[in-house]
Amino acid sequence: MSKVFTAEEVAQHNTRDDLYIVYKGKVYDCSQYLDEHPGGEEVIMDCAGTDATEPFEDIGHSEDAHEILASLEVGELKGGVPAKPVVSAASSSSSDSSSLPLVALAGLILAVGAFLFLRT
Ligand code: HEM
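A quick note: this is a predicted structure, and the numbers were derived from the prediction, not measured. (Residues numbered from 1 in each chain as written. Predicted model: local features only at pLDDT ≥ 70, side-chain atom pairs only at ≥ 80, totals over all residues. Heavy atoms only, no water.)

Undergrad: Just checking my understanding: could you explain the packing of aromatic side chains for this structure?
TA: Any two aromatic rings considered together are summarised by their centre-to-centre distance and by the angle between their planes. If you walk through the whole model with that rule in mind, you get 2 aromatic pairs. Taken together, a centroid distance of 5.5 Å and an interplanar angle of 85° make the contact between F5 and Y20 edge-to-face. With F5 in strand β1 (residues 3-5) and Y20 in strand β3 (residues 18-23), this residue pair connects regions lying 15 residues apart in the sequence. In this structure, K3 packs its charged tip against the face of F5, placed 4.6 Å from the ring centre. (Phe/Tyr/Trp six-rings, centres within 6.5 Å; stacked < 30°, edge-to-face > 60°. Helix = DSSP H or I, 4+ residues; strand = E, 2+ residues; numbered from the N terminus. Lys NZ or Arg CZ within 6 Å of the ring centre and 35° of its normal.)

Undergrad: How should the layout of surface pockets be read in this particular structure?
TA: Think of a ball as big as a water molecule: rolled over the atoms, this probe shows where empty space is left. Its volume calculated, the largest pocket comes out at about 370 Å³. Around the largest pocket, the lining is made up of 18 residues, and of these H37, V43, I44, F56 and H61 lie nearest the centre. Looking at the lining of the largest pocket, the elements with two or more residues in it are α2 (41-45), α3 (53-59) and α4 (63-71). Grouping the amino acids of the lining of the largest pocket by side-chain chemistry returns 15 nonpolar, 3 polar and no charged. (1 Å grid on protein atoms, 1.4 Å probe; cavity = no way out; pocket = protein on both sides within 12 Å on 5 of 7 lines; lining within 4 Å. Points joined across faces, edges and corners; volume = space filled by probe spheres on them. Nonpolar A, V, L, I, M, F, W, Y, C, P; charged D, E, K, R; others polar.)

Undergrad: How should the side chain of H13 be read in this particular structure?
TA: Among the structural elements, H13 can be located in the loop between α1 (7-12) and β2 (14-15). Once residues within four sequence positions are removed from consideration, H13 is found in contact with D18, L19, Y20, A48 and G49. (Contact = heavy atoms within 4.5 Å.)

Undergrad: Where do I start with a nonpolar patch on the surface in this structure?
TA: A cluster of nonpolar side chains, L102, L105, L108, I109, V112, F115 and L116, forms an exposed patch at the surface whose accessible area comes to about 710 Å². When you line up the elements, L116 lands in helix α6 (residues 100-119). Given a relative accessible area of 43%, L116 falls into the partly exposed group. (Patch = residues over 30% accessible without salt bridge, like charges linked within 9 Å, V, L, I, M, F, W, Y side chains within 5 Å. Areas by Shrake-Rupley, 256 points an atom, 1.4 Å probe, with all protein chains shown as cover. Salt bridge = Lys/Arg side-chain N within 4 Å of Asp/Glu carboxyl O. Buried < 20%, exposed > 50% of the residue type's maximum accessible area, 1.4 Å probe, protein only.)

Undergrad: Explanation requested: the site of the ligand in the structure shown.
TA: The environment of the ligand is made up of 18 residues, and the closest members are C30, Y33, H37, H61 and S62. Take H37: an N or O atom from its side chain is 2.8 Å from a nitrogen atom of the ligand. The contact in question runs from an oxygen atom of the ligand to an N or O atom on the side chain of S62, over 2.5 Å. Judged by the fraction of its atoms near the pocket grid, the ligand is located in the largest pocket. Put simply, the parts of the chain that give the shell around the ligand at least two residues each are α2, α3 and α4. Broken down by class, the residue content of the shell around the ligand amounts to 14 nonpolar, 4 polar and no charged. (Near = heavy atom within 4 Å. Polar contact = N/O pair within 3.5 Å; in protein donor to acceptor, adjacent residues only side chain to side chain. Sits in = over half its atoms within 2 Å of the grid points.)

Undergrad: I would appreciate a short explanation of the coordination of the iron atom of the ligand in the present structure.
TA: Metal coordination angles have textbook ideals: 109.5 degrees for a tetrahedral set of four donors and 90 or 180 degrees for an octahedral set of six. Those protein atoms acting as donors to the iron atom of the ligand are H37 (NE2) and H61 (NE2), and they sit at 2.0 Å. Seen from the iron atom of the ligand, its 6 donor atoms lie at angles of 85 to 180°, and the figure they make is octahedral. Of this pair, H37 sits in the loop between β4 (26-29) and α2 while H61 sits in the loop between α3 and α4, and the two are 24 residues apart along the sequence. According to the relative accessible area criterion, H37 is buried, its value standing at 14%. Among the residues examined, H61 registers a relative accessible area of 22% and is labelled partly exposed. (Donors = N, O, S within 2.8 Å, 3.2 Å for Na, K, Ca; no water. Tetrahedral: all angles 85-135°; square planar, octahedral: opposite > 155°, others 65-115°.)

Below, the structure written as structure tokens:
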């Protein structure tokens, strides 16, 4: 059974010789890999003890990179992947209504334009 870490525990592994990162709810010990990282150690050090899912994904790491990462797994994060915020019906309908004044304004400009055009 893999070890379960709290976010606070992971955060304590934040030095060059003892460096954990979280990726998609799993915890990885990158200490031994820093020297070999093609992107340099600095970028991984910046993520030390934190969730590196976004920066790791942003780079578009290769299949190889994912395999190396998998080999460094030491456990999982308590609570796992934080839930994505659900876009509620209320907030999506409010964004619809917020574009209403814009539509009205565009209509008004068109009407004024047509009026001026027809008058000449
Ligand atoms: C233990 C975790 C990581 C592993 C195993 C890993 C592995 C790799 C590998 C194998 C490459 C070579 C290109 C590829 O195959 O995709 C690479 C490149 C790179 N990585 Fe990571 N990486 C890790 C974490 C990170 C993190 C957290 C960042 C944060 C920004 C990062 C930034 C980069 C960058 C910028 C490159 C591009 C280097 C270049 O093309 O010059 N990596 N990584």
